[in-house]
Structures are given as C-alpha cells and as structure tokens.
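# Reading the structure
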Amino acid sequence: MSLATPLSRPDLRAALRRAERPNRLRALALALPALLFLIVTFGAPIGLFLTTAVRNPEVRHILPQTVSTLDQWDGQGVPGEEAFAALAADLARAKENSTAAALGKRLNYESAGMRSRIMSVTRHLGSFADGPLAPQFIALDPAWADTELWAIIKRNGAPVTLYYLLTAVDLGQDATGGIGRVAADQAVFLDILGRTLWIAGLVTVATLLLGFPTAYVISLAPARVAGLMLLMVLLPLWTSLLVRTTAWVVLLQTDGVINQVLLALGLTTEKLQLMLTRFGTVTAMTHIQLPFTILPILSVMKSISEGQMRAARSLGAPPLAAFWRIYAPQTLPGVAAGCLMTFILSLGYYITPALVGGPRDQMVSNFIATYINRDLNWGMAAALACLLLVMTLSIYLAFLRIVGAERIKLG
C-alpha cells in the first residue's frame, strides 16, 4: 500500500482557503443586509455630500456661451467684444430662468462684489444701446475691464474646482492659475484647524488624568462598590448630550453654582467669567468624554492579575516602581484605545463649543454647520468636512502605525 504524497505549504494554504470558503460566504450573506443598509443610508449620502467640495456646475450651466468664448482667450488683457456679447446673451437667458442670483452668489465667493455686478448687468440689459457692448459694460462698472474678473469666470467654467479645498487650507489661485497663500486677514481656516486639534488634545489629556486613577480605583474596589462606581461612570451616557451641555451652562454662568460656591468658600471675591471661555469648553467636553476614556482602560485593568504586583513586591520592588514598571505598561492598550476614541470624537464636537465656548473656541464642525445652515455654501462646508475627515483618518492611521492595531483594546 503506497503512502499519500504530503501537500506542500502553498497547496495546504489553498486547500484551507477552499475549506473555509463556504463559512466565509455564509458570514458575508448574514452581514450583507446590514452592509447594504450602511452603504445606502450612511456611506452614499456622505460620499455625495463630499463631492460637493469639487463640483462646480453654476458657471458652466448658466454661462455656456461665455465659457466657450473664453476658452479661446489667452488670459492677457480684456477679452474681445465677442466675450461681452456672449455674456450679455447668457445673462439675458439667466434672467428669464431666474438663475442670475445663483451665478452671482457662486462668483461672489471668489471675488467680492460679483453678485451685485451680475445683478446690475442683468437689470440694465434692456437699456443697452445697439453697437459694441464692451464700452457699455465698463461704463456700468469699471471692474469689467479687470483681467482677473474674467480669469475667474474662465476658471470656473470647468466642471470641477479646487477653490473650496484650497480655501479650506488658506490657499487661493491668482489670475494665471497659480496657487499661493491668501492674505493674512483672510487666512482663518488653518487657525481653526489648529484650535480644533488643540482643544481635542486638551480634552484627551484631561480625561486621561482623571480617568486613569478612576479606572484603577474601580478595578481594585470590591464587586459591590465597583458596580456602584461603574454605574456613576455610565450614568452620563444615558443622558442626552444637549442636556449635559445645558447643565454645564447652568453651572458655569456668572450667577451659576460654581461661582456661588467659590464666593461662599471665600476662594474669590468676585464672580469669575467661566462661560464663553476655553476653560468652560474643555471642562464640559472632558465631563462628556470621560466615560469613553475610562471604559477601555478599566477593561484592560480587569484582565491584569493582582498576583503580578504581589510578586514584584515580594522580590523587593518599591510600590511605586512596581506600579510603573509592572502594572502601568500592561494598561497601555486600554490607554491607547481610550485616548484615540476621545481625541477623534472631540474633533467633531459641535453642540458643546457652540453653547459653552466663545467666538475663539468654535471648532471646525461649528463652521461646517454655519456654512450649511446660514450661508447655504455647501461647497465650503463639504471642503471643511473633507479636511476634517482626512485629518481624522491620518491621525488614526498614524496612531495605528505607532502603537500597533493589535495593542489597542476597546474592551
């Protein structure tokens, strides 16, 4: 009787994959409805919204003749009479379709006053005399003789634009298409981005300083006491975020509880300004984020054997040295998970800075909401959302590369 030839390592791996394929297909079939639901209700709307950061339909659809004419323009000097004629014809059609305001609003993002110029020409089209239109445009508004104004119209004839994304990082394009920094009085978004990172970092450090000892005490407490303490940690998660933030408004206001206690204890002689400050914003966000830092750390601490510390003490290690050299390193997976979760969640905060913080405490999400709800500038809102998404993913991937995905435990 002959023995079977043993399989090589590649053949063995292929055989294992074939054997596991039915289980994988069944698992995929079970997860497919939830996956499709997430794609349809979450992924697709967000993806469609983010494309608004580069979509540029207004000028192309409302000024088709002008865009076609400007394609032949070399960008030097004022375009010829045919460009003014094409613009007049496009604006006449825009007046009939009631789209001139949308055109002016879009161009006004890149050049202040463009909306009023567009609307002024639209109103005066019927009063233009026969003959060359260029002198009549310039007589109505000398800005029509500006090369940069026509360069903006030509540049926005493309179906996509970099304007929103560049503006989100304080960059802009000149008349020749070159990219450079915007004027100092217009450079605001990098400052907002830095402020967002700074506040998120402060909240992360504060929750770690408060959460690590709290988790340690809970892990050492008797079961009944630990259960009660854990209930107190989880209780804020069962309360609406808006309610918790409003509670901090009551506590931090000038006549609030904190000021009343400080005055009663004689710790201060006058009421402190705690509302609309960075301190109030960080304090409220720290309270809200604290459970997200404590829970991963606590789950890791629960898995550490108490016998390790006793063994270290029996071998002569001082209590503090045994804690930092034996116990603390084993908690790093939970610390990493808690800090990462808190930092990423803090980047997208909106309600708390809006209610508790002042003008210098508003984060990227506040400006996204402003562009959507007040300015109706969806392109700029999408660009800031893209910036926030890229920043969050970059921090997450960098964190995974430094710490290692296998060392992060959410508990």
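So, here is what we can say about the structure in this document.

Our focus in this paragraph is the pattern of salt bridges. Summed over all chains, the structure comprises eleven salt bridges. As a salt-bridge pair, arginine 106 and glutamate 110 come within 3.1 Å of each other at their nearest N and O atoms. Residues joined by salt bridges that share partners form a network here, namely Glu58, Arg106, Glu110 and Arg155.

Moving on, we come to the packing of helix α5 (residues 100–108) against helix α6 (residues 114–124). Two elements in contact, α5 and α6, have axes whose closest approach is 7 Å; the angle formed by their N-to-C orientations is 150°. Comparing the axis directions of α5 and α6 gives the class roughly antiparallel. Our pair here, α5 against α6, has a crossing hand that is right-handed. Of the residues in α6, those in contact with Ala100, Ala101, Leu103, Gly104, Lys105, Leu107 and Asn108 of α5 are Met114, Arg115, Ile118, Met119 and Thr122. Residues that form the contact of α5 with α6 fall into these classes: seven nonpolar, three polar and two charged.

As a further point, take helix α4 (residues 81–97). End to end, α4 covers 25 Å across 17 residues, agreeing with the expected 24 Å (1.5 Å per residue, within 8%). Of all the residues in α4, the buried ones are Ala83, Phe84, Ala86, Leu87, Ala88, Asp90, Leu91 and Ala94. Looking at the buried side of α4, the elements it contacts are α2 (57–62), α3 (64–70), α5, α6, α7 (134–140) and α8 (147–155). At the exit of α4 stands serine 98, carrying a positive phi of roughly 60°.

Here we take up the side chain of serine 346. Summarising the element assignment, serine 346 is placed in helix α17 (residues 332–347). Overall, the relative accessible area of 0% leaves serine 346 in the buried class. With residues near it in sequence (within four places) discarded, serine 346 still touches Ala200, Val203, Met285, Gln289 and Met363.

What counts and what doesn't
- Residues numbered from 1 in each chain as written.
- Predicted model: local features only at pLDDT ≥ 70, side-chain atom pairs only at ≥ 80, totals over all residues.
- Heavy atoms only, no water.
- Salt bridge = Lys/Arg side-chain N within 4 Å of Asp/Glu carboxyl O.
- Axes fitted to C-alpha atoms, helices over the stretch in contact; angles between N-to-C directions.
- Helix = DSSP H or I, 4+ residues; strand = E, 2+ residues; numbered from the N terminus.
- Parallel < 35°, antiparallel > 145°, perpendicular 65-115°, else oblique.
- Left-handed = near helix turned anticlockwise from the far one by under 90°.
- Contact = heavy atoms within 4.5 Å.
- Nonpolar A, V, L, I, M, F, W, Y, C, P; charged D, E, K, R; others polar.
- Expected span 1.5 Å × (residues − 1).
- Buried < 20%, exposed > 50% of the residue type's maximum accessible area, 1.4 Å probe, protein only.

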